[in-house]
Amino acid sequence: MTIQSNISDVKARIERAAAECHRSSQDITLLAVSKTKPCDAILAAIEAGQRQFGENYVQEGVEKIQFFADRQDLVWHFIGPLQSNKSRLVAEHFDWFHTLDRQKIAQRLNDQRPSTKAPLNVLIQINISDENSKSGIKLEQLADLAKQVSQMPNLVFRGLMTIPAPETDYQRQCEAFRKMEQAYKQLQIHYPSVDTLSMGMTDDMTAAIHCGSTLVRIGTAIFGARDYHNV
Ligand SMILES: *Cc1c(COP(=O)(O)O)cnc(C)c1O
């Protein structure tokens, strides 16, 4: 399978899932997760029309952004966990940040965002079901963090992101995603800037779209299985 044909397959899956719940596939952004993949794989995706890319590791992501620096049409999302001592690189290079889970990081990103750049688009990460994961906040903590983030001038509060505990069963996948959908709709009442619900990966994208996802983060189905040896 080529990256180009993988992308058309993924787009067809998005179309189908959207049609099943009477949504427009235009309202669902495909984020190609290129972590661990080389620049020529990204180039193949660009040639297939893909423009939005997700990276998990700061150094690797920055290297790729610099490699493609003359492509002004690309949009780069940081979707991995972030240590505060690396926040400056994210603030200086990325367009989106999906994994905000504390005020300290928000403040650093706000302070470190260069004035020459548009404000950084930020999603708050919610730990919706994974008891073992330390990433993301509980829904009970959302109101406070949302309020703080929305007041930072160099950040734009765009919505929520989640990585639920892996489930193969569609109904179980939906249980977590439905909770996210509710929280997202609630948030939109208070914050007009909130327009993004980042959920759904290769194995649960259909359920995520049925539950209102506006952005799916797809790695394996586009680039194939990952090899972590060189990371
Ligand atoms: C790696 C990763 C993905 C992509 O996962 P696939 O199952 O390969 O599609 C999506 N989101 C996050 C946060 C990731 O770390």
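Residues numbered from 1 in each chain as written. Predicted model: local features only at pLDDT ≥ 70, side-chain atom pairs only at ≥ 80, totals over all residues. Heavy atoms only, no water.

1. What about the nonpolar core?
Here comes step 1: Within the largest apolar cluster, 66 residues are counted, with the highest numbers of intra-cluster contacts made by Phe53, Phe97, Leu109, Ile124, Val149, Leu160 and Ile222.
Here comes step 2: For Phe53, the contacting residues outside a window of four places in its chain are Leu31, Ala32, Ser34, Ile42, Ala45, Ile46, Leu74, Val75, Trp76, His77 and Phe223. (Core = buried A, V, L, I, M, F, W, Y, C linked by side-chain atoms within 4.5 Å. Buried < 20%, exposed > 50% of the residue type's maximum accessible area, 1.4 Å probe, protein only. Contact = heavy atoms within 4.5 Å.)

2. Quick word on the packing of aromatic side chains
Here comes step 1: All told, the structure shown has six aromatic pairs when counted by the stated rule.
Here comes step 2: Taken together, the aromatic side chains of Phe53, Phe67, Phe68 and Trp76 make up a single cluster linked through ring pairs. (Phe/Tyr/Trp six-rings, centres within 6.5 Å; stacked < 30°, edge-to-face > 60°.)

3. Focus: the site of the ligand
Here comes step 1: Neighbouring the ligand are 13 residues, the closest being Lys35, Asn56, Thr202, Thr220 and Arg226.
Here comes step 2: The separation between an oxygen atom of the ligand and a polar side-chain atom of Thr202 is 2.5 Å.
Here comes step 3: One of the side-chain N or O atoms of Arg226 is found 2.8 Å from an oxygen atom in the ligand. (Near = heavy atom within 4 Å. Polar contact = N/O pair within 3.5 Å; in protein donor to acceptor, adjacent residues only side chain to side chain.)

4. Notes on the UniProt feature "domain: Alanine racemase N-terminal" (unreviewed entry) in the chain
Here comes step 1: Here, the residues flagged by UniProt with the feature "domain: Alanine racemase N-terminal" (unreviewed entry) are residues 11-226.
Here comes step 2: As a span, residues 11-226 carries 40% helix and 19% strand, and end to end its C-alpha atoms are 21 Å apart. (UniProt positions renumbered as here; feature names shortened; annotations may be inferred. Helix = DSSP H or I, 4+ residues; strand = E, 2+ residues; numbered from the N terminus.)

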